[in-house]
Structure formats: structure tokens, C-alpha cells
Number of protein chains: 2
Amino acid sequence: MSKMKPRTLSGFMELLPAQQVLFDRMKQILASTYQLYGFTPLDTPLIEASEVLLAKGGGETEKQIYRFTKGDADLSLRFDLTVPLAKYVALHYSDLSFPFRRYQIGKVYRGERAQRGRYREFYQADIDIIGDGKLDISNEAEIPSVIYQTFTALGLRRFKIRVNNRKVLGGLFSLFGLGDQATDVMRAVDKLEKIGRDKVIQILTEDCAVAAEAAGALLDTLEAADPMAALEGLRGKDALLDQGIEELSTVVRYMGAFGVPQDHFAVDLTIARGLDYYTGTVYETVMTDHPEIGSICSGGRYDNLAEYYTDKQLPGVGISIGLTRLFYVLEEQGLLNQSLLTAPADVLILPMTEDLGPAITLATQLRAASLRAQLYNEPKKFKAKISYADKLGIPYVIFLGEDEVAAGAASIKEMATGQQQSVPFDQVPAYLLQRVAPMAQGKPIQENNDD
Amino acid sequence: MSKMKPRTLSGFMELLPAQQVLFDRMKQILASTYQLYGFTPLDTPLIEASEVLLAKGGGETEKQIYRFTKGDADLSLRFDLTVPLAKYVALHYSDLSFPFRRYQIGKVYRGERAQRGRYREFYQADIDIIGDGKLDISNEAEIPSVIYQTFTALGLRRFKIRVNNRKVLGGLFSLFGLGDQATDVMRAVDKLEKIGRDKVIQILTEDCAVAAEAAGALLDTLEAADPMAALEGLRGKDALLDQGIEELSTVVRYMGAFGVPQDHFAVDLTIARGLDYYTGTVYETVMTDHPEIGSICSGGRYDNLAEYYTDKQLPGVGISIGLTRLFYVLEEQGLLNQSLLTAPADVLILPMTEDLGPAITLATQLRAASLRAQLYNEPKKFKAKISYADKLGIPYVIFLGEDEVAAGAASIKEMATGQQQSVPFDQVPAYLLQRVAPMAQGKPIQENNDD
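Attention in this report is confined to the structure presented alongside it. Not measured: the values here are computed from a predicted model. Residue indices follow the written sequence of each chain, beginning from 1 at its first position. Numbering of ligands from 1 and lettering of chains from A proceed in the order in which they are written. Whole-chain, interface and lining totals are the exception, using all residues; otherwise, since this is a predicted model, local features are given only for residues with pLDDT of at least 70 and side-chain atom pairs are given and counted only at 80 or more. Excluded from the side-chain calculation are hydrogens and water; included are all heavy atoms of the structure.

Here we look at the pairing of strand β4 (residues 73-77) of chain B
Residues and elements named next belong to chain B. For clarity, the cut-off: Think of it this way: DSSP has to see at least two bridges between two strands before they count as a pair. By the criteria applied, helices consist of DSSP H or I runs no shorter than four residues and strands consist of E runs no shorter than two, each listed in order from the N terminus.
In this structure, strand β2 (residues 47-49) lies alongside β4, joined through three bridges in antiparallel fashion. The residue bridging I47 from the neighbouring strand is L77, located in β4. Bridge count for strand β3 (residues 67-70) against β4 is four bridges, and the pairing is antiparallel. Within β4, the position partnered with T69 by the bridge is D74. Where β3 hands over to β4, the hairpin turn is made up of two residues, of which G71 adopts a positive phi near 65 degrees.

With respect to the pairing of strand β5 (residues 100-109) of chain A
Residue and element names in this part refer to chain A. Condition: In this scheme, a residue with accessible area under 20% of its type's maximum is buried, one over 50% is exposed, and one in between is partly exposed, where area comes from a 1.4 Å probe on protein chains only.
Burial analysis of β5 places nine of its 10 residues in the buried class, the great majority of the element. As paired elements, strand β1 (residues 40-41) and β5 share two bridges and run parallel to each other. Note on β5: the bridge partner recorded for P41 is Y103. Two elements, β5 and strand β6 (residues 121-130), share 10 bridges in a ladder whose sense is antiparallel. Looking at β6, one finds that Y109 is bridged to E121.

A short note on the packing of aromatic side chains
All names here are of chain B. Formally: A pair of Phe, Tyr and Trp rings is counted when the ring centres sit within 6.5 Å of each other, with Trp represented by its six-membered ring. The angle between the planes then sorts it: under 30 degrees is stacked, over 60 is edge-to-face, the rest tilted. Lysine and arginine charges are scored as sitting over a ring when NZ or CZ, respectively, is within 6 Å of the ring centre and within 35 degrees of the ring normal.
Enumeration according to the criterion identifies 29 aromatic pairs over all chains in this entry. Each ring, one from F151 and one from F159, has its centre 5.6 Å from the other, and the planes form 50 degrees; the classification is tilted. Using a relative accessible area of 0% as the deciding quantity, one classes F151 as buried. A residue is classified by how much of its surface remains accessible, and F159, at 2% relative accessible area, is buried. When the ring centre of F39 is taken as reference, the NZ or CZ atom of R101 above it lies at 5.2 Å. The residue whose ring lies beneath R253 is Y254, and the NZ or CZ to ring-centre distance is 5.3 Å.

Notes on the environment of R253(A)
Residues and elements named next belong to chain A. Considering the arrangement of structural elements, one finds R253 in helix α12 (residues 239-253). By relative accessible area, R253 is classed as partly exposed at 48%. C-alpha separation for the pair R253 and M4, spaced 249 residues apart in sequence, amounts to 62 Å.

Observations regarding helix α5 (residues 137-154) of chain A
One turn of the α-helix equals 3.6 residues, which is why residues spaced by three or four share an orientation. Residues and elements named next belong to chain A. Just so we agree on the cut-off: The length a helix should cover is 1.5 Å for every residue beyond the first.
Along its 18 residues, α5 runs 27 Å from first to last C-alpha, staying within 8% of the 26 Å computed at 1.5 Å per residue. Buried residues dominate α5, accounting for 14 of its 18 residues. Just past α5, the residue G155 takes up positive phi, approximately 110 degrees.

Section: the interface of chain B and chain A
Which entries qualify depends on this criterion: In this description, contact between two residues means that some pair of their heavy atoms is separated by no more than 4.5 Å. Each of two parts loses accessible area, computed with a 1.4 Å probe, when they are put together; buried area is these two losses added. Throughout this description, the term salt bridge denotes a Lys or Arg side-chain nitrogen within 4 Å of a carboxyl oxygen of Asp or Glu. Under the scheme applied, nonpolar residues are Ala, Val, Leu, Ile, Met, Phe, Trp, Tyr, Cys and Pro; charged residues are Asp, Glu, Lys and Arg; polar residues are all the others, including Gly.
Listed as interface residues are 98 residues of chain B and, on the opposing side, 98 residues of chain A. With both chains or domains summed, chain B and chain A bury close to 8400 Å², and 59% of this area falls on carbon and sulfur atoms. Our count for the chain B to chain A interface comes out at 10 salt bridges. In terms of residue class, the side of chain B that touches chain A is made up of 51 nonpolar, 20 polar and 27 charged.

Thoughts on helix α17 (residues 428-436) of chain A
Residues and elements named next belong to chain A. Quick note on the threshold: Note: the arc covers the axis-to-C-beta directions of the helix.
Among the residues making up α17, those that are buried are V428, P429, Y431, L432 and V436. Looking down the long axis of α17, one finds its buried residues gathered within 165 degrees of arc, a one-sided arrangement. Of the residues in α17, the exposed ones pointing more than 90 degrees away from the buried face are A430 and Q434. The elements touched by buried residues of α17 are β12 (347-351), α14 (357-368), β14 (396-400), β15 (409-414) and β16 (420-424).

Overview of the packing of helix α6 (residues 166-175) of chain B against helix α12 (residues 239-253) of chain B
Residue and element names in this part refer to chain B. The condition that has to hold: Axes, fitted as lines to C-alpha atoms, cover a helix only where it is in contact. Angles between the N-to-C directions of the axes lie from 0 to 180 degrees. Orientation categories follow fixed angle ranges, with anything under 35 degrees roughly parallel, anything over 145 roughly antiparallel, 65 to 115 roughly perpendicular, and all other angles oblique. By convention the crossing between two helices is left-handed if the near helix lies anticlockwise of the far one by an angle smaller than a right angle, and right-handed if it lies clockwise.
For the pair α6 and α12, the least separation of the axes is 7 Å and the interaxial angle reads 150 degrees. Classified by the angle between their axes, α6 and α12 sit roughly antiparallel to one another. Crossing hand, α6 versus α12: left-handed. Together, K167, V168, G170, G171, L172 and L175 of α6 and L240, L241, Q243, G244, I245, E247 and L248 of α12 make up the contact between the two elements.

Observations concerning the relation of the copies chain B and chain A
The operation relating the pair of chain copies consists of a rotation about an axis and a translation along that axis. Let me state the cut-off plainly: Here the copies were fitted onto each other by least squares, based on C-alpha atoms from residues at pLDDT of at least 70 in both.
Superposition record for chain B on chain A: RMSD 0.1 Å, screw rotation 180 degrees, translation along axis 0.0 Å. Such a combination of rotation and displacement between the chain copies is what one expects of a two-fold axis. Nearest to the rotation axis, the C-alpha of F68(B) is located 2.9 Å from it, this being the minimum over chain B. When the interface residues of chain B are mapped onto chain A, 100% of them are again interface residues, pointing to one common binding face.

A word on unusual backbone geometry
Residues F98(A) and P99(A) are joined by a peptide bond in cis, for which omega reads 0 degrees. We note that S370(A) has phi near 70 degrees; this positive angle belongs to a residue other than glycine. In this fold, S370(A) is placed in the loop between α14 and β13 (373-375). Overall, S370(A) belongs to the exposed group, its relative accessible area being 54%. Backbone geometry places A209(B), a non-glycine residue, at a positive phi of 60 degrees. Within the secondary structure, A209(B) sits in the loop between α9 (197-207) and α10 (212-222).

Here's what the structure looks like:
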């Protein structure tokens with residue numbers, strides 16, 4: 001029979017077992033951290049009707065989308081988790097209680113040009129809080145705490161959450177007489193980190209016809225060493241600006257109570273996060289040692305989640321982590337914790353007797369004690385069996401021959417040291433639990449200890 | 001703006017939050033049970049190259065598949081988890097250690113005609129053990145134990161695992177002189193449960209030209225009250241039959257040591273599980289009170305996982321649970337545990353002061369103690385706030401007004417009883433943990449107590 005060459009599509013991440021365990025650990029930590037803040041899990045379909053998914057229409061997204069027909073149906077794979085959320089909330093509105101806090105960790109699809117570190121199938125891990133008509137500012141203040149706890153739980157230490165407020169930006173533009181060119185100015189400001197102050201001033205003065213003085217004053221404020229102090233000095237001059245300052249101050253004021261250390265948080269007035277959609281607080285998160293990666297967790301406050309489906313005003317605030325891309329970056333940078341136990345089992349049991357009964361009984365006892373036990377009874381040489389445990393990183397091997405069965409004790413070999421010990425059957429679960437439990441405690445991210 | 005009517009595609013399960021929590025709990029229990037047996041998680045792409053996915057070709061599957069093009073690429077959504085596993089093992093062969101034990105819980109796609117309880121997107125939860133060249137019979141003997149522990153952990157009690165061996169069937173056919181018609185006879189036997197003995201004999205004698213005597217003798221053996229005893233009486237007459245009896249005996253012999261109670265396990269010689277593919281032990285699992293649902297967990301031993309991709313002989317054994325369908329059935333039958341805590345939070349904190357600091361600090365402390373705490377600061381009437389907790393099923397509500405802050409104690413209301421108690425701030429985590437922890441312990445399936 002002629003064989004088909006097995007391959008995985010380019011742009012699709014497919015991990016080897018040990019990596020997959022680390023990836024799953026990260027997913028699990030995200031889920032349990034989100035849950036601590038009262039977010040409930042959703043799992044919407046990957047396929048939606050194209051007209052529903054593309055209700056907003058247009059843009060770069062539509063080119064990248066996986067769209068196809070099945071029978072009469074025009075279908076598309078979701079390209080983010082926000083549009084399905086909007087559909088979900090509009091569709092199930094009467095069954096939900098607001099504020100509605102949900103998280104979803106799922107795959108999304110974008111047919112981008114394949115390039116290193118860019119994926120066509122990737123996980124997003126989103127949280128959103130949706131209000132019915134209104135949504136209190138305390139929800140916006142809480143988001144940095146979720147971000148901080150999430151990355152801390154993953155093991156990342158050197159990161160910073162940057163916060164801004166779109167009302168502050170809008171207010172400043174209007175204060176400096178740039179209200180009519182707000183969109184163009186926003187676009188220029190959005191490039192500040194990338195192209196620097198001088199080039200932004202050049203764009204503002206040459207392309208946007210902003211007076212040099214106004215451009216300079218705006219950038220002085222945006223880049224102020226103490227942005228909150230700079231903003232305080234401008235209070236009472238513009239209503240939108242005042243509202244933005246009030247919101248931003250509220251967010252800043254509660255950071256301590258939310259457990260976010262000062263050095264992990266900064267107000268950064270240069271953050272815009274795109275041209276429309278966001279209307280209040282916006283968030284970015286950068287790895288301190290790897291600013292080149294860009295934001296690893298972003299989001300913000302929006303006024304109208306589901307405007308394409310319903311007349312109801314549904315304001316919200318949310319953030320998204322691109323987990324697949326983050327995992328790729330962590331691996332590239334050598335930041336995955338290699339000492340974490342990624343073996344499929346805690347212990348490998350090698351029966352050395354014709355009758356497998358005693359080995360099976362022991363395995364059953366270990367599993368009842370929540371230990372991951374694998375029986376290995378393949379007809380291989382002793383060395384091959386040990387090598388199997390070694391390759392998989394299984395930390396303990398139990399030998400069970402006639403002698404052990406007669407003595408009622410298992411020979412347990414610790415793979416790391418090669419040491420072997422005889423342990424009575426009834427004490428084996430406790431013996432192993434005590435040693436294995438700490439191995440599963442580590443965090444998936446481990447930075448160098450040079451900070 | 002004209003609105004797009006929000007809808008979810010027919011045949012796609014989209015759950016409300018409380019149901020989703022139950023579904024996720026089931027998924028999590030499957031994963032952790034599989035892990036106890038040394039299975040490692042995989043998460044292969046949902047999209048594969050059509051030529052890879054359809055290497056086997058033909059059949060009903062190809063009609064149901066979601067297949068489309070993107071640029072030059074001919075792509076398909078996976079329709080099961082076995083073909084992606086075959087590809088994975090062939091592709092990553094040199095990076096894997098054998099036996100390779102993996103589980104995968106993921107969505108698969110089949111464009112079936114929509115009907116009640118049938119889904120086009122559904123979860124499969126699979127385990128497989130793949131050997132390199134050979135695979136010891138002990139692996140086949142272990143599978144019923146995984147099935148038993150899985151359903152027991154889910155909370156199901158009234159179910160039975162049925163086991164047969166394809167070599168036994170093949171041996172019996174040849175023993176009764178039906179070797180040449182094996183496929184037709186197998187097809188007839190496969191219908192036994194559905195159409196009954198008389199009709200099967202009719203098919204065998206009329207359509208397959210089997211002598212009435214041979215047909216009767218075959219069915220007498222297959223339907224014997226004690227099938228193992230009936231088989232023992234036939235030892236030594238056919239080599240394949242002998243091998244099958246030996247394997248089946250081995251599987252039966254170790255059930256006790258594997259912790260499977262006698263009343264949850266039966267040899268059933270009438271199980272065939274399709275016409276080809278399986279070559280050794282085959283498994284079915286039925287809910288005792290709902291035989292009409294059919295098998296909720298099936299699988300078996302096969303000889304050649306990846307024959308379309310590689311010359312390597314890769315025998316395996318595996319089972320699959322159709323989780324989406326199972327969930328649907330459980331809900332229909334009222335077997336989901338309604339008393340399980342499905343609320344998004346353990347406690348709702350209502351700040352009653354201008355300064356949110358104390359409420360936020362308390363929430364932060366509770367989360368540090370692994371309690372799921374939600375702050376609720378929307379400007380609503382008191383009654384609406386309580387109603388919010390009530391609707392979501394949040395078991396505890398904390399009031400934090402000036403008095404409570406001054407006294408250093410929170411007022412905690414137990415929603416189930418309406419009782420309210422004052423608890424010093426530092427004792428709140430322990431107070432709640434003690435009460436909430438048991439609520440999360442229940443199992444997702446709860447049968448009636450009438451057995």
C-alpha cells in the first residue's frame with residue numbers, strides 16, 4: 001500500500017507530550033485564576049453562521065477568516081471570542097444575570113500569512129464583564145488585579161501592567177484644540193512607542209496640521225514623568241477630561257487593596273489600543289525583559305458589546321491573552337520551567353511475576369490514593385524498561401518480583417538518584433505521595449534568577 | 001442600525017452558564033481519571049489537510065465531513081480523534097516512547113442531518129495505548145478498569161461494561177464451518193440485540209445459507225448463560241478460538257485486582273463493534289436503566305493504527321466517550337446533580353461604603369485563600385443585589401457598611417437559610433472555606449435513590 005506522508009498544517013501548533021503538559025498547566029492556571037474573580041466558563045461553538053459572525057463586516061478580519069459552505073449553509077470559524085460572546089449575550093439575554101462575568105479559553109482561527117511565531121489556529125483566554133445599561137467603574141479597577149494574579153500564578157515576575165483611559169486622551173485632544181482631528185492624532189499617538197516623539201510631532205504638525213506648540217504640549221503631558229500629577233494640573237478645563245481623570249484615579253487608588261504591587265503597575269498616557277471600540281480604561285501588559293514582544297495581555301472598557309444584534313446597551317470591560325503566541329515566546333526565550341514534572345505517570349510498576357495480580361492490586365491502590373500509576377508488562381529487557389521510565393521522566397519505578405510479593409514489600413527505585421528502597425505495600429501510597437506532590441507544585445514559567 | 005438576529009447553528013450545543021459548569025466538571029473528571037492510568041494529554045489541530053485526514057478514504061464519513069479550501073489548501077475539520085492520533089504517532093514517532101498512552105478530549109465535526117440529541121460539533125474523550133510492533137494483553141485487561149473508574153468518578157453507579165474478543169468470534173465462526181461467510185455472519189450477529197435471536201437465525205439460514213443446526217449451535221454459544229464456561233468446553237478445537245479464549249480469560253481474571261466489581265462487568269459474546277478494524281478485545285458500556293441509549297463508552301483492540309502513513313506496525317487499544325451526547329442524555333433523563341454548586345462565585349461582597357478599600361481588601365484576602373469572591377458595586381437597590389446572588393446561586397453574601405468596617409467584622413448572610421452572622425475579618429476565609437468546600441465535592445451525575 002502506498003503511504004500518505006503524515007504532516008501537520010503550517011501555522012498550527014502541535015506539541016510533543018511534555019510541552020503539552022506545560023501548556024495545559026498554563027490553561028488550567030488561567031481558568032482557576034479567572035474563577036477566583038467570579039468569572040463563569042463558556043464554551044461556544046467554533047463554527048458560526050457567517051452572517052452572524054461578520055455582522056460588523058469589513059476590515060482585515062474578513063480576509064483572514066476561514067469561511068466555507070456546507071449544504072446551503074454559509075459558515076465561518078470564529079476569529080476571536082468577543083463576537084461569539086456578543087452573540088451569546090444577545091441570544092441568551094433573558095437567561096443571564098448582569099453584570100455577567102464570563103471567561104472563555106478556546107481556539108480561534110485566522111488565515112494569516114504563515115510566519116515564525118504566528119499561528120492560524122491559536123488559543124485566546126478572555127475574560128469580560130458585561131453590564132446591562134451601566135457598569136460600575138470598580139469593574140475596570142479590578143482588571144489589573146486579575147492580570148497581576150494570573151501572570152504571578154503562572155510564575156512570571158518581571159512584567160508591568162500599563163493603564164490609560166480613552167476619555168483622558170479624548171479630553172486632552174479637545175483641550176489642546178485637536179478635537180476635530182482626534183482620529184488622526186490618536187493614530188499618531190498610537191505609534192509613539194514604535195517611532196518616537198520626534199516623528200510623532202512631525203506627523204502631527206505636517207500631516208495633521210497641528211500647531212507645533214499644541215503638539216509639543218500634548219506630548220509633554222502624555223510623556224510626563226508623573227502622569228497623574230500632570231493630569232491633576234489640568235482638572236476643571238474639560239468635562240470629558242475630568243471624567244477620564246476621575247476614572248483613572250479610581251483605578252489607580254485601589255491597586256494596593258487589589259494586591260497589585262506598585263512596581264507592577266503604571267499609568268501610561270501614550271497607550272491608545274486602536275482607534276475605536278474602547279471608551280474608558282485600556283490595558284496593556286509587557287514583559288519587562290522582553291519589550292520587543294509587545295503586549296501579552298490587552299483590553300479595555302467598551303460601551304456597546306452587542307450593538308449589531310440588539311438595541312440593548314451592553315457596556316463591558318475585558319482582556320485577552322494570546323496563549324499560543326505567549327507559549328511560543330516563553331519557549332523561545334527559555335522561560336518554561338524545565339524542572340516541572342511533565343511525565344505521564346508518577347510511578348511505573350514493573351511486574352516480574354507470571355501472575356500480574358499483585359502488581360495490578362498495587363496499581364489500583366496507588367490510583368485510589370490519587371497517584372498516577374502505569375503498569376508496564378511489555379516483554380522487554382530490564383534495561384529497556386528502565387530506559388522507558390527514564391525517557392518519559394517518570395520519577396519512580398517499582399519492581400515486583402516473587403521476593404517482593406513474598407515479603408509484602410515493593411522495591412522502589414528513585415530515578416533521579418538511582419537509590420532503591422523496600423517499602424511495605426500498605427506504606428507505598430504515602431511514601432510516593434510525600435515525594436511526588438512537591439514535584440507537581442512548580443509554576444510553568446521560570447525566569448532567570450538574575451534580576 | 002438594522003440588527004442581525006443572533007442565533008447559534010442547529011446541531012451545535014451551546015450551554016447556559018450553570019450547565020457549562022457541570023459539563024466542564026465532567027470533562028475535568030475524565031481528564032484526571034485518565035491521568036491516573038498514565039495517559040498524557042494531546043491537543044492536535046482541529047483542521048488537517050484533507051488528503052491526510054481522508055487517507056483511508058471512502059465511506060459514510062467522507063459525506064459528513066466539513067471540507068473547504070483556503071487559498072490553495074484543501075482542508076477538513078477532524079471527524080474523530082483517532083485519525084489525528086494516527087497522523088501524530090506516525091509524524092512524531094521518533095520523539096515518542098512506546099507504549100504511548102495518550103488521552104484527548106476535544107471537539108470533532110460531522111455534518112449529520114440535524115435531529116434531537118445528535119450534534120454536528122461534539123466532544124469526544126478518547127484514550128489509546130499504542131505499542132511499537134507489539135502490545136501486551138495486560139493493556140487490554142486494564143481498559144475496563146479505566147471505564148469503571150471514570151463513570152464512578154462522574155457519579156454513575158448503574159452501568160455495566162460488556163467485553164468480548166474478536167478472535168473468539170472469528171474462531172467460533174470457523175469452528176462452526178462459517179469461516180467463508182465470516183463477514184456476513186458477523187453482520188447478522190451484530191444485530192442480535194436489536195432484532196432478536198429468531199430473526200438472526202432467519203438471516204443466517206436464508207441469506208447466508210448457514211445450516212440451521214450450525215446457526216443454532218453458534219447462537220447457543222454466543223447466548224450461553226455462562227459464556228466463559230461455554231468457551232472452555234470448546235478449547236483445543238481451533239487455534240484462533242484458543243487464542244481468543246486465552247485473551248478473554250486474562251481480561252476477566254484481573255478484573256477484581258483492577259477494582260472492577262463483578263456486577264459492573266460481563267462477558268458478552270454477541271458484541272462485535274463493527275465489521276473490521278478491531279482484532280482483539282472489544283468493549284461496550286451500557287447504563288443499566290437506559291439500555292435504549294446504547295453504548296456510552298466503546299472501543300477495542302486494533303492491529304494497525306497508522307497503516308495509511310507508515311509501514312511500522314502500531315497495534316493499539318482504545319476507547320471513546322461521546323461526551324456531548326452523554327451530557328444531553330443525562331440532562332434529558334434528569335440525571336445531572338442539581339445540588340452541585342454551579343455558581344460563578346462562592347461569595348458576593350456588597351460594599352456599603354463610599355470607600356471601596358475595605359471591601360476590595362477583603363476580596364483580595366478571600367481569593368488568596370482560594371475562595372471565589374465577586375465584588376458587586378452596581379448602583380442598585382438592596383433587594384436587586386440580593387436577587388442577583390440568589391439567581392446565580394451564590395451561597396454567601398457579605399455586607400460591608402460603616403458599622404462593619406468600624407467593628408472589623410463582616411456580616412455574612414447564608415442564602416439558603418437567610419441567617420446572618422458577624423465574623424471578624426481575619427476569620428472570614430476559614431469561616432467560608434469550611435462551608436463552601438463540601439458544596440464543590442459532589443459528583444456531576446446523580447441517579448435516583450431507588451435501586
